[in-house]
Amino acid sequence: MTIDQLRVLMEEAAANVVDRHDRPLPVTVVLPLEGSTRVTALDGFPDDDAERKEALSVFAAQHMVPANAACFGLLAEATGPAGEDLLVVVYGARRRGSHVIAAMFDEDGLLTEFTPSEPLEQTAMPFVQPLQHAADMAEAPDDPAAGGLPIITSS
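Residues numbered from 1 in each chain as written. Predicted model: local features only at pLDDT ≥ 70, side-chain atom pairs only at ≥ 80, totals over all residues. Heavy atoms only, no water.

*Asks:* What exactly am I supposed to notice about the nonpolar core here?
*Replies:* Generally speaking, soluble globular proteins have nonpolar side chains that are buried together. If you look at the biggest cluster of nonpolar residues, it comprises 26 residues, and the most contacted ones within it are Met64, Leu74, Val90 and Leu131. Those residues in contact with Val90 that lie beyond four places of it in its chain are Phe72, Gly73, Leu74, Ser98, His99, Val100, Leu120, Met125 and Val128. (Core = buried A, V, L, I, M, F, W, Y, C linked by side-chain atoms within 4.5 Å. Buried < 20%, exposed > 50% of the residue type's maximum accessible area, 1.4 Å probe, protein only. Contact = heavy atoms within 4.5 Å.)

*Asks:* Explanation requested: the sheet that holds strand E6 (residues 118-119) in the structure shown.
*Replies:* Strand pairing in a sheet takes place through backbone hydrogen bonds and is either antiparallel or parallel in direction. Strand order in the open sheet made by the six strands is E2-E1-E3-E4-E5-E6, with antiparallel pairing throughout. Only two strands of the sheet have a single partner each, and these edge strands are strand E2 (36-42) and E6. Here strand E4 (residues 85-93) pairs with strand E5 (residues 97-104) via eight bridges, running antiparallel. Paired with Leu86 across the strands is Met104, a residue of E5. In this fold helix H1 (residues 3-20) packs onto strand E1 (27-33), E2, strand E3 (71-79), E4 and E5, with an angle of close to 140 degrees to the strand it touches most, E4. (Pairing = 2+ DSSP bridges. Helix = DSSP H or I, 4+ residues; strand = E, 2+ residues; numbered from the N terminus. Axes fitted to C-alpha atoms, helices over the stretch in contact; angles between N-to-C directions.)

*Asks:* Any chance you could explain the packing of helix H2 (residues 49-67) against helix H3 (residues 129-137) here in plain terms?
*Replies:* The packing of two helices is summarised by the inter-axis angle and the distance between the axes. Across the interface, H2 lies against H3 with an axial gap of 8 Å and an inter-helix angle of 25 degrees. Judged on the interaxial angle alone, H3 and H2 are roughly parallel. H2 and H3 meet at a crossing whose hand is right-handed. Counting all contacts with H2, which are made through Lys53, Leu56, Ser57, Phe59, Ala60, Met64 and Val65, the residues of H3 involved are Gln129, Pro130, Leu131, Ala134, Ala135 and Met137. (Parallel < 35°, antiparallel > 145°, perpendicular 65-115°, else oblique. Left-handed = near helix turned anticlockwise from the far one by under 90°.)

Have a look at this one:
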């Protein structure tokens, strides 16, 4: 899986979460794992950045590290600079860093087209760092040709 394929997977996961949940959407973590993709809603996600970082540290320790998750996605509703409702998606992979995309909700509550991907500045959403750190700690598959997911390549 390339970082671009991970972005596409996160866009699909975002559309799926929007279809399945009423708004406001719960903050959701997506873990593409070997054999399946795990989607976890984090009900009661805190508002304080320090508490968010702690919650994601616990999540990473309990779910990502044991599963050797080399990539992740985080979906969250946000308010844009002009007051528009957005779905922000942060995704990252082992040794590739984190990236961010966003889409507005239209009047029917559906997502518009996602923005182009941009590298996530560490100061923008520092609470996401535990997820990226856990992905960076994941071990590479022993035999990439065996098809073990997720394989993150540079192309």
